[in-house]
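Structure assessment
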Amino acid sequence: MAAEIFYDADADLSIIQGRKVAVIGYGSQGHAHALNLRDSGVDVRVGLPEGSKSRSKATDEGLRVVTPAEAAAEADVIMVLTPDHVQRHVYAEAIESNLTAGKALAFGHGFNIRYGYIKPPADVDVIMIAPKGPGHLVRREFVNGKGVPDLIAVEQDASGGAQALALSYASAIGGARAGVIKTTFPEETETDLFGEQAVLCGGMSRLVQLGFETLVNAGYQPEIAYFECLHELKLIVDLMYEGGIAKQRWSVSDTAEYGDYVSGPRVIDEHAAQQMQGVLKDIQDGTFARRFIADQDAGAPEFKQFRTEQEQHPIEETGRKLRGLMSWVAADDDYSGTAAR
Ligand code: NAD
Ligand code: MG
Ligand code: MG
Ligand code: MG
Ligand code: MG
């Protein structure tokens, strides 16, 4: 089944320009949505709790900041962009009582609807506008006259205009410049979790660490191992982004290309394929979601332990040292360390 793809010409920007939008949360996605909407002529307010560190960032940009409950009461399109594990609490405390008939509840990821943590009333639209890229890119591309592709989905169409509203919103944040693909809440949620766990974040991080460990344990210098297994990854990914795996293979030496064919399937073998099936099953049947939420509800002990352990992997220390020596790498280690989060 071929995907349905929409562009600016298919969207009616005036729909979202005629609504009042609340963006709840001002993190990676929230700041990008709020600023892009504002610059597209949309009446937007940001909802953040009193004392939130994000408040001054939003007011510094000239945005109006109110509490999440005030934002939800004022607005008729309420976009929820807090962390996924916080959303059901914000919904219960600030949104539910203000979500009157005819309003629209919107998400940037389908987690809470797909797993039933939020159950909206039947008389509102429930839509998703999910940029397929980090929030900082969503803002940067928009400012440069470009956009990050979006997925849109409709879970509930009480108004009869839910899809047109989602497409209009996508156009306002720049997504329809790049292309908007229609999906469903289950498809977006399950594929997003699978992609980040098996390939983009989990799979890639572990592959890099294992390669580094294998070389260092065999007596090679950590600095060399860092270059071979992490630093060069960016060049490879850029080629894949531009022209697929095929362009990457075209660009590397014939030696590297032949080694790719011989050793790639040896490392990422049938066992990895079976494990991917298991990861997907845990996403589909809710096992992963329950584990994540239970840990968060307990104060995230497992999450914090993983984070602390992983930050101590030797590749991180080697990397900090080397990035400091490479003036041409826009090193950005300020994010780092648990304390900064
Ligand atoms: P984030 O962690 O970067 O930011 C969360 C924001 O929510 C912060 O401004 C925080 O102050 C605020 N917040 C926390 N508790 C709050 C509360 N009780 N009330 C109001 N605001 C509160 O989050 P994020 O990574 O932008 O993720 C937001 C949503 O976007 C999630 O559903 C996520 O899955 C989705 N998403 C994120 C990305 C990304 O690039 N990070 C990409 C696609 C989709
Ligand atoms: Mg994040
Ligand atoms: Mg995700
Ligand atoms: Mg090489
Ligand atoms: Mg070649």
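Parameters at a glance
- Residues numbered from 1 in each chain as written.
- Chains lettered and ligands numbered in written order.
- Predicted model: local features only at pLDDT ≥ 70, side-chain atom pairs only at ≥ 80, totals over all residues.
- Buried ≥ 20, exposed ≤ 12 C-beta atoms within 10 Å, placed from the backbone.
- Helix = DSSP H or I, 4+ residues; strand = E, 2+ residues; numbered from the N terminus.
- Pairing = 2+ DSSP bridges.
- Right-handed = clockwise from strand over helix to strand, strands pointing away.
- UniProt positions renumbered as here; feature names shortened; annotations may be inferred.
- Contact = placed C-beta atoms within 7 Å.
- Near = placed C-beta within 6 Å.
- Nonpolar A, V, L, I, M, F, W, Y, C, P; charged D, E, K, R; others polar.
- Domains from an automatic or database assignment.
- Axes fitted to C-alpha atoms, helices over the stretch in contact; angles between N-to-C directions.
- Parallel < 35°, antiparallel > 145°, perpendicular 65-115°, else oblique.
- Left-handed = near helix turned anticlockwise from the far one by under 90°.

Going by the annotation in an unreviewed UniProt entry, the name recorded for the protein chain is Ketol-acid reductoisomerase (NADP(+)), with Nakamurella flavida given as the source organism.

What to know about the pairing of strand β6 (residues 104-107)
The side-chain alternation of β6 yields two buried faces, one formed by Ala-104 and Ala-106 and the other by Leu-105 and Phe-107. Relative to β6, strand β5 (residues 77-80) runs parallel, the two sharing 4 bridges. For Met-79, the partnering residue across the bridge sits in β6 and is Ala-106. In this fold, the crossover linking β5 to β6 by way of helix α5 (residues 84-95) has right-handed handedness. As judged from the 4 bridges shared by β6 and strand β7 (residues 125-131), these two strands associate in the parallel manner. Residue pairing across strands places Leu-105 opposite Val-126, the latter belonging to β7.

Here's the deal with the UniProt feature "binding site: Mg(2+) 1" (unreviewed entry) in the protein chain
Here the UniProt feature "binding site: Mg(2+) 1" (unreviewed entry) sits at Asp-192 and Glu-196. Mapped onto the elements, Asp-192 comes out in helix α10 (residues 185-200). Among the secondary structure elements, Glu-196 is positioned in helix α10. The class of Glu-196 is partly exposed, set by 13 C-beta atoms lying within 10 Å.

Some words on α10
Buried within α10 are the following residues: Phe-185, Glu-188, Thr-189, Asp-192 and Leu-193. Looking at the buried side of α10, the elements it contacts are α6 (111-114), β7, β8 (150-156), α15 (270-284) and α16 (287-297).

Examining the site of ligand 1
Surrounding ligand 1, one finds 25 residues, the nearest of these being Gly-25, Gly-27, Ser-28, Gln-29 and His-109. Considering only residue class, the shell around ligand 1 consists of 12 nonpolar, 12 polar and 1 charged.

A closer look at the sheet that holds β6
Reading across from one edge, β1-β9-β8-β7-β6-β5-β2-β3-β4 is the order of the 9 strands in this open sheet, with mixed pairing throughout. Each end of this open sheet is capped by a strand with a single partner; those strands are β1 (5-6) and β4 (64-66).

Side note on the UniProt feature "domain: KARI N-terminal Rossmann" (unreviewed entry) in the protein chain
According to UniProt, the positions carrying the feature "domain: KARI N-terminal Rossmann" (unreviewed entry) are residues 3-183. A distance of 8 Å separates the end C-alpha atoms of residues 3-183, which is 39% helix and 22% strand.

Focus: the domain arrangement of the protein chain
As a measure of interface size, the accessible area lost when the parts come together is often cited. If you check the domain split of the protein chain, you get domain 1 (5-183) and domain 2 (194-340). Distance from the C-alpha centre of domain 1 to the C-alpha centre of domain 2: 31 Å.

Points about the packing of α10 against α15
Helix packing geometry: the angle between the two helix axes and the distance between the axes. Viewed as axis vectors pointing N to C, α10 and α15 meet at an angle of 140 degrees, and their least axial separation amounts to 10 Å. The pairing of α10 with α15 is recorded here as oblique in orientation. Like other packed secondary-structure pairs, α10 and α15 cross with a definite hand, here right-handed. Across from Glu-190, Leu-193, Phe-194, Gln-197 and Ala-198 in α10, the residues of α15 making contact are Met-276, Val-279, Leu-280, Ile-283 and Gln-284. Considering only residue class, the contact of α10 with α15 consists of 7 nonpolar, 2 polar and 1 charged.

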